[in-house]
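Notes for the structure review
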Amino acid sequence: MNTPAMIIDFEATDVSKEAEATQLGYRNIRFHEDGYIVAEMMYSDIGDGIPSHTINCCPDRTISYGAMAVSHITPDDVKDYRNHKLVVPQYLPVGEAYIIGHNVDFDIQVAANAGVDVSQYKRICTQALARRLLPDLDSHSLGALTYAINPELARQHCRNAHNAGWDVTFTLWLLKHLCELGDITSMEQLYLASEEARIPTAFTFGKHQGKNIKEMACHEKDRKYLQWVIDTIKDKPYLITACSAALNIITPLKWDNASLPFLATVDNGDNYHVYYSPAAAKPYTALKKSDDRVVDDGYFDTVEDAKAWCVKHFNIGAFPHE
């Protein structure tokens, strides 16, 4: 039996972990045997630019003004609809399923808050995939991506953004585009690509925001911070995976002399030397050797600068810059 797959989107009371649904959008999809996405047919007289299934429901929580400003759903709009704990479980899959969404973790949390057992859901995040496959865009919001991949359809329909059914349709268009870019031809391949894309390459918060995680693993002080993240931050599993992998893959340079000349070796066959020549204009010489053959050198005023040059060259060789 094929595992079901569904694109979902919620409008909700707020953006907290306790958020409750005010509107559910969904669309069943699958991959054709020839490797392209087939979406559940929606019947309308306005063609392919139609919204997906859209179901309103009444939350127990108060709808925040911020949420009203985004979705334009007010308490009066949903007060006569069934409770979210009755509606949402009726439409979402039971058991194992591929669940696709733009920032899918939020949507699955809203589903869980409605009483859905989400433990077997295999999450696929189009936002993470878009960041990985379209890294040069200035925004990876769903609306911005819709304009990027199909400006004519976006001009016609993005005024409907933040209606859950329309957002599911926009996510479907984006998903098809991403699968073409990534040569993705099956649901499991799509899931694995999403899992890989969700592992960050750089910090997106805190004092190290913007720093490459693998590059940080090349420096002893920063390695301690990566270990602190692993030991302390429990709600970011993909960040922990990235930090753990960096610490396991990269070994920093360790100088094995307390005084000059310094020597550091790397398990790929390279080694680094720092020498002192007091008569030279720049007295510290740094050498990079490969199999005892000098492949690069530099001249510096201080031993710290010479060591920094070695570390930089080691970093460049330790991992591919992304």
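Scope of this entry: the structure provided in the associated data block. (Residues numbered from 1 in each chain as written. Predicted model: local features only at pLDDT ≥ 70, side-chain atom pairs only at ≥ 80, totals over all residues. Heavy atoms only, no water.)

Re the pattern of salt bridges
For clarity, the cut-off: We define a salt bridge as a contact between a side-chain nitrogen of Lys or Arg and a carboxyl oxygen of Asp or Glu at a distance within 4 Å. Only DSSP runs of H or I reaching four residues or more are called helices, and only runs of E reaching two or more are called strands; each is numbered from the N terminus. When a residue's accessible area, from a 1.4 Å probe over protein chains only, is under 20% of the maximum for its type it is buried; when over 50% it is exposed; and in between it is partly exposed.
Applying the stated rule across the entire model yields 9 salt bridges. We note a salt bridge from D270 to K288, for which the minimum N-O separation is 3.9 Å. With a gap of 18 residues between them, D270 in strand 8 (residues 270-276) and K288 in strand 9 (residues 284-290) connect regions that are remote in the sequence. Neither residue differs from the other here; D270 and K288 are each classed as buried. Via salt bridges that share partners, D105, R123 and R198 belong to a single interconnected network.

Quick word on the environment of A161
For clarity, the threshold we go by: What makes two residues a contact is simply this: any of their non-hydrogen atoms within 4.5 Å.
Mapped onto the elements, A161 comes out in the loop between helix 7 (151-157) and helix 8 (164-182). For A161 and G143, which are 18 residues apart along the polypeptide, the C-alpha to C-alpha distance reads 7.1 Å. Excluding anything up to four places from it in sequence, A161 contacts D167 and F170.

Overview of the packing of aromatic side chains
To keep it simple, the criterion reads: Note on aromatic contacts: the rings of Phe and Tyr and the six-membered ring of Trp form a pair at centre separations within 6.5 Å, being stacked when their planes are under 30 degrees apart, edge-to-face when over 60 apart, and tilted otherwise. Think of it as a cone above the ring: NZ of Lys or CZ of Arg counts as a charge over the ring if it is within 6 Å of the ring centre and within 35 degrees of the ring normal.
Per the counting criterion, the structure on display carries 10 aromatic pairs. The interplanar angle of 25° and the centroid separation of 5.6 Å between the aromatic rings of Y225 and W228 together place this pair among those described as stacked. Of this pair, Y225 and W228 are both found in helix 11 (residues 220-232), 3 residues apart, which corresponds to roughly one turn of the helix. Owing to a relative accessible area of 14%, Y225 belongs among the buried residues under this scheme. The class for W228 is partly exposed, based on a relative accessible area of 42%. With centroids separated by 6.2 Å and ring planes inclined at 50°, the aromatic side chains of F300 and W309 adopt a geometry described as tilted. Put simply, the rings of F203, F205, Y225 and W228 touch in pairs and so form one group of aromatic residues. The side chain of K236 reaches across the aromatic face of F205, ending 5.4 Å from its centre. Over the ring of F262 we find K307, and its NZ or CZ is 4.0 Å from the ring centre.

Notes on the sheet that holds strand 9
What counts here: At least two bridges found by DSSP between two strands is the condition for calling them paired. To obtain each axis, a line is fitted to C-alpha atoms, and for helices this fit is confined to the stretch in contact; angles are then taken between N-to-C directions over 0 to 180 degrees.
With respect to topology, 4 strands assemble into an open sheet ordered 7-8-9-10, the strand pairing being antiparallel. Each edge of the open sheet carries a strand with a single partner, namely strand 7 (262-265) and strand 10 (293-300). The sheet shows a mean angle of 15° between the axes of neighbouring strands, taken without regard to direction.

Considerations on helix 11
Selection rule: Under the convention used throughout, the expected extent of a helix is 1.5 Å for every residue step, that is, one less than its residue count. In this context, the arc is that of the directions from the helix axis out to the C-beta atoms.
Between its first and last C-alpha atoms helix 11 spans 18 Å; for 13 residues at 1.5 Å apiece the expected length is 18 Å, and the two agree. Every buried residue of helix 11 is listed here: D222, R223, Y225, L226, V229 and I230. Angular distribution of buried residues about the axis of helix 11 spans 155°; they occupy a single face of the element. Away from the buried face of helix 11 by more than 90 degrees, exposed residues K221 and K224 are located. Close packing links the buried residues of helix 11 with helix 10 (213-216) and helix 12 (237-249).

Thoughts on unusual backbone geometry
The backbone phi angle of H72 is positive, close to 60°, even though this residue is not glycine. Mapped onto the elements of the fold, H72 is located in the loop between helix 1 (65-71) and helix 2 (75-78). The residue D292 is not glycine, and still its phi comes out positive at about 65°. Its location among the elements puts D292 in the loop between strand 9 and strand 10.

Let's talk about the nonpolar core
As a reminder, the rule being used: Among buried residues, the Ala, Val, Leu, Ile, Met, Phe, Trp, Tyr and Cys ones that are joined through side-chain atoms within 4.5 Å form a nonpolar core.
By size, the foremost hydrophobic cluster in this structure holds 55 residues, and its most contacted members are I29 and L190. Ranked by residues supplied to this core, first place goes to helix 8 with 9 residues. Dropping the residues within four chain positions of it, L190 is found in contact with F31, I124, L129, L175, C179 and I184. Listed in part, the 32 residues of the second largest apolar core include L226, L239, V266 and V303.

Here's the deal with the pairing of strand 2 (residues 21-31)
Counting buried positions over the 11 residues of strand 2 gives 9, a clear majority of the element. The hairpin turn running from strand 2 into strand 3 (residues 37-39), its antiparallel successor, is 5 residues long, and G35 in that turn takes a positive phi close to 95°.

Re helix 3 (residues 84-91)
Since the α-helix advances by 3.6 residues per turn, residues separated by three or four positions end up pointing in the same direction. Burial in helix 3 covers these residues: H84, V87 and V88. Within helix 3, the buried residues cover an arc of 90° as seen down the axis, which keeps them to one side. Summarising the contacts, the buried residues of helix 3 are in contact with strand 1 (5-12), strand 2, strand 4 (53-56) and helix 4 (104-113).

Comments concerning the environment of I316
Within the fold, I316 resides in helix 13 (residues 303-318). The class of I316 is partly exposed, set by a relative accessible area of 48%. Measuring from C-alpha to C-alpha, the distance between I316 and E215 comes to 8.7 Å, with 101 residues separating the pair along the chain.

Quick look at the environment of Y284
Mapped onto the secondary structure, Y284 falls in strand 9. Y284 gets classed as buried once you look at its relative accessible area, which sits at 16%. Distance in space between the C-alpha atoms of Y284 and F300 is 5.0 Å, their sequence separation being 16 residues. Beyond its immediate chain neighbours, meaning those up to four positions away, Y284 contacts L260, Y275, Y276, G298, Y299, F300, D301, T302, V303 and A306.

Any functional reading would require information that these geometric values do not contain.
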